[in-house]
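# A look at the structure
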Amino acid sequence: MNQKQKKESLLRNSGFQTIIGSLLCIIIGLLVGYVVLLIINPGGAGNAIVAILKNFLYYPSAAAAKMYFGTTLVKSSALLMCSLSVLFAWKVGLFNIGAAGQYVIGVGACLYCGLKWGMPWYICLIAAVVSAAIVGGISGALKAYFNVNEVISCIMLNWIGLYSVNMLLTNVKEQSTPYTKPLSSTNKSALLPNVGLDQLFSKNQFVTIGLPLAILMAVLVWIVLEKTKFGYELKATGMNKNAAKYCGMREKRNIILTMVIAGGLAGFGAGIFYLTGIEQWMVQQTSVPAMGFNGIAAAFLGGSNPIGAVFSSYFIQHITSGGTYVDKTMYCSQISDLISAFIIYLCGFVLFFKVWLNRYLDKKDEKQKQKGGAA
């Protein structure tokens, strides 16, 4: 194979096309965000976009930068799990917009077990996974047996979950604030162990085993979807459930199982985040946490690939955290969310780019064949 053939083979590779398309989405999204910053206040646009991109590198001290880098990774691990939740369902032909609500249910379960019942971290984590999986399974069952669109049932369950968790965690909140009691002073056994990982990030106590567990889960999801009979059956059901049924596959069971697993992944994300003690839940919260919805962005920016989601989740969280360092006298910190939103909408460009590139390569091959035939 000569150099030209190798180049064309690389250009036709689906993974390579996804990477190039995603990078283009990011670049265009950042450029559009920069234009918006210029419109709002041209004087500080350059510094603002730099602050968003730098994030933890905003700190001149290496120790401080390393510590906040660890915090970004902790948040990225939770976002990765929500991303895996969305893409797992998507691979099976379902749109799990309920990852946000399943994440909330996971928060409620792990914090209640840790604060009210004094359970250790592994029981709290299991509770988060199981409770979120049950909620996901409800949407799956409604889809399988009553053909209720999973988007509708998931959106309804998002709000049911939010207000149910608010009522539940009112029993374990601080008396003087609307926040739940801190795990660090109420039940230290509910905190995920560090196993020395905190030392790598300037003694950042929030960096725990949740970080490697999230990476391991991404690899596991990839193996299940791409290398197992079970994963093949799930994807076959998503492509055509009637054909899957004809082939002897239990299509209803597969749909329910998909949503159960997707819910469990979101619940796992809630557990590895809140069981670090990095945040307390506000029981007067009136909106579903953005973590679940950002998972949609990370899933599609990563090309609906579990390994790609690892990198896209970090990027989304990186610029989201970077938004807190913009000059608040000129811009609001949510400007980074706006840039993320642009990138989300541009994710559709990845598919367009792949289709356009393949057509271009096909036409190029056809012209070369015609030239060869004429010669």
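Above this text you will find the structure in question.
These numbers were taken from a predicted model, which means no experiment stands behind them.

## As for the nonpolar core
Soluble, globular proteins show a tendency: their nonpolar side chains are buried together. Counting residues in each nonpolar core, the largest one holds 94 residues, and the members touching the most others are Leu-84, Tyr-103, Leu-111 and Trp-281. The residues touching Leu-111, leaving out its near neighbours within four places in the chain, are Lys-116, Leu-169, Thr-180, Leu-183, Tyr-274 and Trp-281.

## Looking at the pattern of salt bridges
One side chain can pair with another of opposite charge once the charged atoms of both are near each other. The tally for this structure, following the rule as stated, stands at 4 salt bridges. A salt bridge links Arg-253 to Glu-233; its shortest N-O distance comes to 3.6 Å. In this pair, Arg-253 is assigned in helix H12 (residues 251-274) and Glu-233 in helix H10 (residues 229-239), connecting sequence segments 20 residues apart.

## Focus on helix H2 (residues 14-40)
When the terminal C-alpha atoms of H2 are compared, their 39 Å separation across 27 residues agrees well with the 39 Å that a helix rising 1.5 Å per residue should span. Turning to H2, its buried residues are Gln-17, Thr-18, Gly-21, Ser-22, Cys-25, Ile-26, Gly-29, Leu-30, Gly-33, Val-36 and Leu-37. One side-chain oxygen of the residue at the start of H2 lies 2.9 Å from the amide nitrogen of Phe-16, identifying that residue as Asn-13.

## What about a nonpolar patch on the surface?
Together, Tyr-122, Ile-123, Ile-126, Val-130, Ile-134 and Ile-138 line one region of the surface with nonpolar side chains, adding up to about 530 Å² of accessible area. As for its placement among the helices and strands, Ile-126 is situated in helix H6 (residues 121-146).

## Things to note about the packing of helix H4 (residues 62-91) against helix H13 (residues 290-301)
Think of two packed helices as two axes; the pair is described by the angle between the axes and how far apart they sit. The geometry of H4 relative to H13 is characterised by a closest axis approach of 7 Å and an angle of 65° between their N-to-C directions. Comparing their axes, H13 and H4 come out roughly perpendicular. Two packed elements cross with a definite hand, and for H4 against H13 that hand is right-handed. Facing H4, whose interface residues are Lys-75, Ala-78, Leu-79, Cys-82, Ser-83, Val-86, Leu-87 and Trp-90, H13 presents Met-291, Gly-292, Asn-294, Gly-295, Ile-296, Ala-298, Ala-299 and Phe-300. A per-class count over the contact of H4 with H13 returns 11 nonpolar, 4 polar and 1 charged.

## A look at the packing of helix H9 (residues 210-227) against H10
Orientation of H9 relative to H10, taken along the N-to-C sense of each, is 70°, at an axis distance of 5 Å. In terms of orientation, H9 and H10 fall into the roughly perpendicular class. Residues Val-224, Leu-225, Glu-226 and Lys-227 of H9 pack against Lys-229, Phe-230, Gly-231, Tyr-232 and Lys-235 of H10. Here the residues of the contact of H9 with H10 sort into 4 nonpolar, 1 polar and 4 charged.

Scoring rules and cut-offs
- Numbering of residues starts from 1 in each chain and follows the order in which that chain's sequence is written.
- For this predicted model, a pLDDT threshold of at least 70 governs which residues receive local features, and a threshold of 80 or more governs which side-chain atom pairs are given and counted, while totals over whole chains, interfaces and linings are taken from all residues.
- Side-chain numbers come from the whole structure's heavy atoms, not from hydrogens or water.
- To form a nonpolar core, buried Ala, Val, Leu, Ile, Met, Phe, Trp, Tyr and Cys residues must be joined to one another through side-chain atoms within 4.5 Å.
- Relative accessibility decides the category of a residue: with a 1.4 Å probe and only protein chains considered, values under 20% of the type maximum give buried, values over 50% give exposed, and everything between is partly exposed.
- Contacts were defined at the residue level, with two residues in contact if any of their heavy atoms lie within 4.5 Å.
- Salt bridges are identified by distance alone: a Lys or Arg side-chain nitrogen within 4 Å of an Asp or Glu carboxyl oxygen.
- Secondary structure elements follow DSSP: runs of H or I no shorter than four residues count as helices, runs of E no shorter than two count as strands, and numbering proceeds from the N terminus.
- Each residue after the first adds 1.5 Å to the expected span of a helix.
- Contacts described as polar in this section are N or O atom pairs within 3.5 Å, which, within protein, must combine one atom able to donate a hydrogen with one able to accept it, while residues neighboring in sequence count only if both atoms come from side chains.
- Only residues whose relative accessible area exceeds 30% and that form no salt bridge are eligible for patches; like-charged ones are grouped when within 9 Å, while nonpolar side chains (Val, Leu, Ile, Met, Phe, Trp, Tyr) are grouped when within 5 Å.
- For the area figures, the Shrake-Rupley method with a 1.4 Å probe applies, and any residue is considered shielded solely by the protein chains shown.
- Only the stretch in contact is used when fitting a helix axis, every axis being a line fitted to C-alpha atoms; angles between N-to-C directions are given from 0 to 180 degrees.
- Angle categories: roughly parallel below 35 degrees, roughly antiparallel above 145, roughly perpendicular from 65 to 115, and oblique for all the rest.
- In this scheme the handedness of a crossing depends on how the near helix is turned from the far one: anticlockwise by less than a right angle means left-handed, clockwise means right-handed.
- Classification used: nonpolar for Ala, Val, Leu, Ile, Met, Phe, Trp, Tyr, Cys and Pro, charged for Asp, Glu, Lys and Arg, polar for all others including Gly.

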